[in-house]
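Structure at a glance
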Amino acid sequence: KAPTPDLAAVIGDLCVGLGESDAAEPYFRMVEQIERAAWANGPRQPHVLARFLIDHDRSPSEALALAEEAARARRDIFTMDVLASAYWKAGRLDDARQVAEAALATGTRDARIVWHAAEIRAAQGDLAGAGELLQRIPSTDGIADLHVRAGIRALHTRLTRT
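What counts and what doesn't
Residues numbered from 1 in each chain as written. Predicted model: local features only at pLDDT ≥ 70, side-chain atom pairs only at ≥ 80, totals over all residues. Heavy atoms only, no water. Phe/Tyr/Trp six-rings, centres within 6.5 Å; stacked < 30°, edge-to-face > 60°. Lys NZ or Arg CZ within 6 Å of the ring centre and 35° of its normal. Helix = DSSP H or I, 4+ residues; strand = E, 2+ residues; numbered from the N terminus. Buried < 20%, exposed > 50% of the residue type's maximum accessible area, 1.4 Å probe, protein only. Contact = heavy atoms within 4.5 Å. Axes fitted to C-alpha atoms, helices over the stretch in contact; angles between N-to-C directions. Parallel < 35°, antiparallel > 145°, perpendicular 65-115°, else oblique. Left-handed = near helix turned anticlockwise from the far one by under 90°. Nonpolar A, V, L, I, M, F, W, Y, C, P; charged D, E, K, R; others polar. Polar contact = N/O pair within 3.5 Å; in protein donor to acceptor, adjacent residues only side chain to side chain. Patch = residues over 30% accessible without salt bridge, like charges linked within 9 Å, V, L, I, M, F, W, Y side chains within 5 Å. Areas by Shrake-Rupley, 256 points an atom, 1.4 Å probe, with all protein chains shown as cover. Salt bridge = Lys/Arg side-chain N within 4 Å of Asp/Glu carboxyl O.

Concerning the packing of aromatic side chains
What the rule picks out here adds up to 1 aromatic pair. Taking NZ or CZ as reference, R44 lies 4.0 Å from the ring centre of W39, over its face. One residue, K89, lies across the ring of W88, its end atom 4.9 Å from the ring centre.

Here it is in structure tokens:
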């Protein structure tokens, strides 16, 4: 009955997965609109919008600013993953690696966090390290997030081709 950013993002990701990127765009705009509107009526949650922007390659400079804002207020592994990913997308690979490694040091098995850390290692040229991290994710079949699942599979394919 009421749209949510998560639902809009999932529908957009489904459209992309079906090869209908044009159909995804209104849903992706809806994610941003809903999240920004929520800030007017409640607490800002910059990590939520930053994660969406990063994962969907939208407005990298804004995503980085939001991730850094979030990290000043929260230091949980999910916020650190958002910050690491924002650094990665901004080309700040040493900063990305440092933050991602701190998140991994908790022993997390969260597929998104492990995938992002593997992407960062691969971007630094540490293909063996990226492959080792991907081995922590036994199967992508059980991953409900289509974006994460596709990203893991794409990285795995890139690593096995080299």
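The discussion continues.
Digging into the environment of Y27
Within the secondary structure, Y27 is located in helix α2 (residues 21-41). For Y27, a relative accessible area of 29% corresponds to the partly exposed category. For the pair formed by Y27 and V10, sequence separation is 17 residues and the distance between their alpha carbons is 8.6 Å. Filtering out sequence-adjacent residues up to four positions away, Y27 remains in contact with A8, I11, G12 and C15.

Observations concerning the packing of helix α8 (residues 127-134) against helix α9 (residues 146-161)
For the pair α8 and α9, interaxial distance at closest approach is 10 Å and the crossing angle is 135 degrees. By the criterion of interaxial angle, the relationship of α8 to α9 is oblique. By crossing handedness, the relation of α8 to α9 is classed as left-handed. Note on element contacts: α9 touches α8 through I152, L155, H156 and L159, opposite L127, A130, G131 and L134. Looking at the contact of α8 with α9, its residues break down into 6 nonpolar, 2 polar and no charged.

Quick word on the side chain of H116
Relative to the elements of secondary structure, H116 occurs in helix α7 (residues 111-123). Of the residues examined, H116 reaches a relative accessible area of 2% and is grouped as buried. One polar contact links H116 to D55, side chain to side chain, over a distance of 3.4 Å. Residues within four places of H116 in sequence aside, it is in contact with D55, D81, S85 and W88.

Topic: the side chain of T140
In this structure, T140 sits in the loop between α8 and α9. Judged by relative accessible area, which is 13%, T140 ranks as buried. With sequence-adjacent residues up to four places away left out, T140 is seen in contact with R149, I152 and R153.

Side note on a nonpolar patch on the surface
A cluster of nonpolar residues, V10, L14 and L146, forms a patch on the protein surface that exposes about 220 Å² of accessible area. With respect to the helices and strands, the residue L146 is situated in helix α9.

With respect to unusual backbone geometry
Positive phi is not limited to glycine here, since D57 has a value of about 50 degrees. Tracing the backbone shows D57 in the loop between α3 (46-55) and α4 (60-73). Phi at S59 is positive, roughly 45 degrees, even though this residue is not glycine. Position of S59 relative to the elements: it lies in the loop between α3 and α4.

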